[in-house]
There are 2 protein chains.
Amino acid sequence: MAQHREQMAASKSSASSSLKLGPVKIPRAAEVLANQLREEIVGGRLSDGDMLPNERELTESSGLSRSSVRDALRMLELEGLIATKQGRNGGSRVCKPGRDTIVKTVSLFISSRRTRRVSLVEARGAIEPTAAMLAAKHRTDEDLARIQEKHSAMVAGIDDLDRFLRGNLDWHMAIVHASHNDLLIAFMESISHAVYDVTNDETLNPPEVRQQVVRIHGRITDAIEKQDPAEAKRLMERHVTAYAEFLGMS
Amino acid sequence: MAQHREQMAASKSSASSSLKLGPVKIPRAAEVLANQLREEIVGGRLSDGDMLPNERELTESSGLSRSSVRDALRMLELEGLIATKQGRNGGSRVCKPGRDTIVKTVSLFISSRRTRRVSLVEARGAIEPTAAMLAAKHRTDEDLARIQEKHSAMVAGIDDLDRFLRGNLDWHMAIVHASHNDLLIAFMESISHAVYDVTNDETLNPPEVRQQVVRIHGRITDAIEKQDPAEAKRLMERHVTAYAEFLGMS
DNA sequence: ACGGATTAAAGGTCTAATATTTAGTTGACT
DNA sequence: AGTCAACTAAATATTAGACCTTTAATCCGT
């Protein structure tokens, strides 16, 4: 049964007019099924929390083998669209993809392309000023508390490179989170680790630079506290470009 | 054979000190293999263009079944780390993940979370001014030609909403490409389609707005031609925030 | 030297059995 | 009645092996 994929050699009646057709993409069985299911999900006919039919049912209704059905489910799982649980009452439950899906993808992109330090810093320079502005606009009191807490931690750890850099990272991420923009958060989470790795070096963080960093962080924190978007943005912009230039020289 | 996953009930000698251990993640066979192979790839022991052993060989050397081996390969394929070809001399070839991998992931994220229009516009507002600045800094002559070409197309199509919006999209993407920053390009490609969809509406693009848009696009194009990064950035910033405010009112 | 048939090597698919995990159910012992 | 252990059932996870399809190389006749 199941002789799928009949490509059908399109009889010789070739009206040889200038039809140009690109390379024909031949989908695999599992892909076809995955596409259908994905369509159901993003199309809204299956919503967050709903259960998919179990594998045997899908096998029957699709006419494919269980392996192909499973392949399809694995694809959706890797895309973060379903979560599959083993055992009685297990199965595949629809869920919304989280930021971690993006983070994984972008991290792979960065590490396997050996993205240059300058590119990372440029990307950060794009995201952070806007994030700071939005944070000043939309922060809650908890957001502010978190930012201040991370700032204090960094000040306290100024003599310990590890603690300093960790605090630095946390402070920046706290601000981005306070922007309440999921896309910016996801993008920043994606690159922050790489930025951290790439600046994790004593020579890139001499004491006088750390002093400088702490001082401007303090001013940015204040701007966010006072809910002054323009000032937060301006300062953050200066901060990241200053550090970028410092890196550019070394 | 192969009785993996013995969790081993940790004898009763529970030193009940306050050790807290999170939920134990039990990996699947395919995941373990995928992790190993991924490590080989990003670790550099397998580089771009190399062939992986074929499925039967991997089955032997890993001690897993062919299905599990194939599952692992599928994961890597979905991550964009390998490309698999059928047929004699086929197999799995290592490749660097492209921007399309990021685009797919982020697009799913956006559409399945029904990301709000304002968030999209905010994210764009973060990326584009920096991209314009970098474009002014690093553009080649071909980059410039492309930007000008897209601008002309947009001017020519100003009375046709479809052509106008398409030209708009193309012009913006041309600039981002001219930044020569793969991360920014990937991020922008990821959201541009969604931004396009969300602004594809006659009422959001009345004639007087189009005129305004064309005029400022022209000035930005000129700034990039003259390689004036600060000006390009300033204008682009004004452009996107102006449009954001216009959207905010409607 | 060309072009069609053959063949070999790879991935793609199907089937069916077995293993493992998990949640509910039952039942004996408090 | 309550509780914990053993059992059972329902689902996914894994294995095994056969067969199908695609693709490139090779052979061979013209």
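Residues numbered from 1 in each chain as written. Chains lettered and ligands numbered in written order. Predicted model: local features only at pLDDT ≥ 70, side-chain atom pairs only at ≥ 80, totals over all residues. Heavy atoms only, no water.

Visitor: Explain empty space enclosed by the protein here, please?
Guide: It is a probe the size of a water molecule, rolled over the atoms, that shows where empty space is left. Residue and element names in this part refer to chain B. Applying the stated criterion across every chain, the model contains 4 cavities of 30 Å³ or more. What the largest cavity holds in volume is close to 240 Å³. Contributing to the lining of the largest cavity are 19 residues, with R124, N168, H172, V195 and T199 lying nearest its centre. Those elements giving two or more residues to the lining of the largest cavity turn out to be α5 (117-138), α7 (161-178), α8 (182-199), α9 (207-225) and α10 (229-249). (1 Å grid on protein atoms, 1.4 Å probe; cavity = no way out; pocket = protein on both sides within 12 Å on 5 of 7 lines; lining within 4 Å. Points joined across faces, edges and corners; volume = space filled by probe spheres on them. Helix = DSSP H or I, 4+ residues; strand = E, 2+ residues; numbered from the N terminus.)

Visitor: Where do I start with the protein's contact with DNA strand C in this structure?
Guide: Neighbouring DNA strand C are 28 residues, the closest being A29, S65 and S68 of chain A together with R56 and R70 of chain B. Of all DNA strand C atoms lying within 4 Å of any protein atom, the proportion belonging to sugar or phosphate reaches 64%. A distance of 2.8 Å is found between a base nitrogen of DNA strand C and a side-chain nitrogen or oxygen belonging to R56 of chain B. Contributing elements (two or more residues each) for the surface near DNA strand C: α3 (66-78) of chain A together with α2 (55-62), α3 (66-78) and β1 (82-85) of chain B. Considering only residue class, the surface near DNA strand C consists of 3 nonpolar, 12 polar and 13 charged. (Near = heavy atom within 4 Å. Polar contact = N/O pair within 3.5 Å; in protein donor to acceptor, adjacent residues only side chain to side chain. Nonpolar A, V, L, I, M, F, W, Y, C, P; charged D, E, K, R; others polar.)

Visitor: I keep staring at the packing of aromatic side chains and nothing clicks. Help me out?
Guide: Think of a pair of aromatic rings as described by two things: how far the centres are apart, and how the planes are tilted against each other in angle. One pass over the full model with this rule turns up 3 aromatic pairs over all chains. Their ring planes at 35 degrees and their centres at 6.0 Å tell us that Y243 of chain B and F246 of chain B sit as a pair that is tilted. Of this pair, Y243 of chain B and F246 of chain B both sit in helix α10, 3 residues apart, which is roughly one turn of that helix. Residue Y243 of chain B is classed as buried on the basis of its relative accessible area, which comes to 12%. When its relative accessible area of 24% is taken as the criterion, F246 of chain B is described as partly exposed. The ring of F164 of chain A has R210 of chain A sitting right over it, with the charged end atom 5.5 Å from the ring centre. (Phe/Tyr/Trp six-rings, centres within 6.5 Å; stacked < 30°, edge-to-face > 60°. Buried < 20%, exposed > 50% of the residue type's maximum accessible area, 1.4 Å probe, protein only. Lys NZ or Arg CZ within 6 Å of the ring centre and 35° of its normal.)

Visitor: In this structure, what is going on with the interface of chain A and chain B? I would like to understand it.
Guide: Many descriptions give the size of an interface as the accessible area lost when the pieces come together. Each partner contributes to the interface: chain A provides 45 residues, whereas chain B provides 45 residues. Carbon and sulfur atoms make up 63% of the area that chain A and chain B hide from each other, which totals about 4100 Å². Our count for the chain A to chain B interface comes out at 8 salt bridges. Here D71 of chain A makes a salt bridge to R74 of chain B, at a shortest N to O gap of 2.6 Å. Taken together, the links from chain A to chain B amount to 15 residue pairs in polar contact (both at pLDDT 80 or more). Listed by contribution, the elements that provide at least two residues to the side of chain A that touches chain B are α1 (29-42), α3, α4 (99-113), α5 (117-138), α8 (182-199) and α10 (229-249) of chain A. Element by element, the count of residues in the side of chain A that touches chain B is highest for α4 of chain A, at 11 residues. Among the residues forming the side of chain A that touches chain B, the class breakdown is 19 nonpolar, 12 polar and 14 charged. (Contact = heavy atoms within 4.5 Å. Buried area = accessible area lost by both parts, 1.4 Å probe. Salt bridge = Lys/Arg side-chain N within 4 Å of Asp/Glu carboxyl O.)

Visitor: Any chance you could explain unusual backbone geometry here in plain terms?
Guide: In terms of backbone geometry, most residues other than glycine have negative phi values and most peptide bonds are trans. A positive phi angle, close to 55 degrees, is found at Q227 of chain A, a residue other than glycine. Summarising the element assignment, Q227 of chain A is placed in the loop between α9 (207-225) and α10. Backbone geometry places H180 of chain B, a non-glycine residue, at a positive phi of 55 degrees. Tracing the backbone through its elements, the reader meets H180 of chain B in the loop between α7 and α8.

Visitor: Help me understand the environment of E237 of chain B in this model?
Guide: Checked against the element boundaries, E237 of chain B lands in helix α10. Taking the C-alpha atoms as reference points, E237 of chain B and A132 of chain B, 105 residues apart in sequence, are found 9.1 Å from one another. For E237 of chain B, the contacting residues outside a window of four places in its chain are K233 of chain A together with P129 of chain B.

Visitor: Where do I start with the layout of surface pockets in this structure?
Guide: In this model, the second largest pocket occupies a volume close to 550 Å³. Looking at the second largest pocket, it is lined by 21 residues, and the ones nearest its centre are M133 and K137 of chain A together with E122, T241 and A244 of chain B. Those elements that provide at least two residues to the lining of the second largest pocket are α5 and α10 of chain A together with α5 and α10 of chain B. The dominant element in the lining of the second largest pocket, judged by the number of residues it contributes, is α10 of chain B, at 7 residues. Grouping the amino acids of the lining of the second largest pocket by side-chain chemistry returns 8 nonpolar, 6 polar and 7 charged.

Visitor: How should I be thinking about the domain arrangement of chain A in this particular structure?
Guide: Looking at the assigned domains, one finds that chain A contains domain 1 (29-94) and domain 2 (100-249). Taken over C-alpha atoms, the centre of domain 1 of chain A sits 39 Å from the centre of domain 2 of chain A. (Domains from an automatic or database assignment.)

Visitor: Sorry if this is basic, but what is going on with helix α6 (residues 141-156) of chain B here?
Guide: Since the α-helix advances by 3.6 residues per turn, residues separated by three or four positions end up pointing in the same direction. Residues and elements named next belong to chain B. Its 16 residues give α6 an end-to-end C-alpha distance of 22 Å, which sits within 8% of 22 Å, the value for a rise of 1.5 Å per residue. Looking at α6, one finds that the buried residues are D143, L144, I147, K150, H151 and M154. The buried residues of α6 all sit within an arc of 130 degrees when viewed along its axis, so they share a single face. Exposed positions of α6 whose direction lies more than 90 degrees from the buried face are D141, E142 and A156. Structurally, α6 contributes buried residues whose contacts are with α5, α7 and α9. (Expected span 1.5 Å × (residues − 1). Arc of directions from axis to C-beta.)

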